[in-house]
Amino acid sequence: MLKPFLKSCKAFLLDILYPNRCPFCNEIIMWNETVCGSCADKLVPANDKICHKCGGVPCVCSKNNNFDNVYAAMFFDDENVSSAIYDFKCTGMSNLAEYTAETVCKYIDKADLVTGVPMGKRKLRDRGHNQADILAKCIGERLDIQFGKNLLYKIDSDEEQHHLSEEERAERVKDLFHGSDADLNGKTIILCDDVMTTGSTVNRCAGLLKEMGAEKVIVCVSAVTRLDKSQRKG
Ligand SMILES: [Zn+2]
Ligand SMILES: [Zn+2]
């Protein structure tokens, strides 16, 4: 019980130096809030609409997914969301991650480890942070779950994936992501990312975690796209 108390003290004291801000409109908010009232009213809670098995709107459960559940805070095409995600990617400011964590943690009873979709070493050095790991650490703190460091690896690639079809993406991610020799036997792992589009990245990573012994993989993302499968271009 001491840990949450100390975390609150730290957040309160930090707020005096660096006021807490709404991740969507940048207005100053209370130290223990994650979003301002007017942005909260405008956001469509993705968790109320998506299928919690596949993350689809509508459900695309016919796909053979390696993950067991998907929880998402927002829709990527929602007003203000895409720019907030872009800021989160660039700055690594954790307020969007805190909002996401607060939203998705309500759905999770228990897990053993939390980790982020990895970033290539060169890209991580250039950017200085991996936003998926920032989200994973926020979720870990809220649920009191250990952060799983270096469970998965990504090979650096300059190739853009946006123009690839869903099938081409699935093929491509096989080469990009690799597992480690960590033993995850029987464990439930929370896998985090900023945005889930076709799901090919989290599906590949979840498959690797299962190969390493994981019994269950719960995907948590800040935002999902709302396009149905026929509209999905990648
Ligand atoms: Zn706001
Ligand atoms: Zn589904």
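The shown structure was predicted, so the numbers you read here are calculated from the model rather than taken from an experiment. (Residues numbered from 1 in each chain as written. Chains lettered and ligands numbered in written order. Predicted model: local features only at pLDDT ≥ 70, side-chain atom pairs only at ≥ 80, totals over all residues.)

Peer 1: I'd like a description of the sheet that holds strand β6 (residues 188–196), backed by residues and values.
Peer 2: In space, the five strands of this open sheet follow the order β1-β7-β6-β2-β3, with parallel pairing throughout. On the outer flanks of this sheet lie β1 (69–75) and β3 (146–147), each paired with one strand and no other. Where helix α4 (residues 95–105) meets the sheet, it contacts β1 and β7 (216–224), and its direction lies at approximately 130 degrees from that of β1. Where helix α6 (residues 131–143) meets the sheet, it contacts β2 (113–116), β3, β6 and β7, and its direction lies at approximately 135 degrees from that of β6. (Pairing = 2+ DSSP bridges. Helix = DSSP H or I, 4+ residues; strand = E, 2+ residues; numbered from the N terminus. Contact = placed C-beta atoms within 7 Å. Axes fitted to C-alpha atoms, helices over the stretch in contact; angles between N-to-C directions.)

Peer 1: Please give an account of α4 that cites residues and values.
Peer 2: Within α4, nine of the 11 residues are buried, which leaves it mostly tucked inside the rest of the structure. For α4, every residue scored as buried is listed here: Asn95, Leu96, Ala97, Glu98, Tyr99, Thr100, Ala101, Thr103 and Val104. Packing partners of the buried residues in α4 comprise β1, α3 (81–91), α6 and β7. (Buried ≥ 20, exposed ≤ 12 C-beta atoms within 10 Å, placed from the backbone.)

Peer 1: So what's going on with the domain arrangement of the protein? Which residues, and what values?
Peer 2: Domain boundaries in the protein define domain 1 (1–42) and domain 2 (45–224). Inter-centroid distance (C-alpha atoms) of domain 1 to domain 2 is 24 Å. The interface is formed by 10 residues belonging to domain 1 together with 10 residues belonging to domain 2. Within the residue set of the side of domain 1 that touches domain 2, elements represented by two or more residues are α1 (2–17) and α2 (37–42). Considering only residue class, the side of domain 1 that touches domain 2 consists of four nonpolar, two polar and four charged. (Domains from an automatic or database assignment. Nonpolar A, V, L, I, M, F, W, Y, C, P; charged D, E, K, R; others polar.)

Peer 1: A description of the pairing of β2 should follow, citing residues and the corresponding values.
Peer 2: Side chains of β2 alternate between two faces, with Leu113 and Thr115 and Val114 and Gly116 buried alike. Where β2 meets β3, two bridges bridge the pair, whose relative direction is parallel. Bridging from a neighbouring strand, Val114 pairs with Phe147 of β3.

Peer 1: Any details on the pairing of β7? Residues and values, ideally.
Peer 2: When a strand is regular, its side chains alternate between the sheet's two faces. Of all nine residues in β7, eight are buried; the element is thus mostly enclosed. As judged from the six bridges shared by β1 and β7, these two strands associate in the parallel manner. Considered in β7, the bridge of Val70 is made with Val219. The pairing of β6 with β7 spans eight bridges and is parallel. Residue pairing for β7: Thr188 is matched across the bridge by Lys216.

Peer 1: Run through the nonpolar core, naming residues and quoting values.
Peer 2: Judged by nonpolar contacts, the single largest core of 58 residues is most densely connected at Ala72, Ile139, Leu191, Cys192, Leu209, Val219 and Ala223. Breaking this core down by element, the ones donating at least two residues are β1, α3, α4, β2, α6, β6, α8 (200–211) and β7. Split by domain, this core shows at least three residues from each of two domains, domain 1 (1–42) and domain 2 (45–224). Residues in contact with Cys192, not counting those within four places in the same chain, are Val114, Gly116, Val117, Ala132, Leu135, Ala136, Ile139, Cys220 and Val221. (Core = buried A, V, L, I, M, F, W, Y, C linked by C-beta atoms within 7 Å.)

Peer 1: Before we move on, can you summarise the packing of helix α7 (residues 166–176) against α8 with the specific residues and values?
Peer 2: Following both chains from N to C, one finds α7 and α8 inclined at 40 degrees, their axes separated by 9 Å at the closest point. In this structure, α7 meets α8 at a crossing whose hand is right-handed. Contacts from Glu166, Arg169, Ala170, Val173 and Lys174 in α7 reach Ser200, Thr201 and Arg204 in α8. A per-class count over the contact of α7 with α8 returns two nonpolar, two polar and four charged. (Left-handed = near helix turned anticlockwise from the far one by under 90°.)

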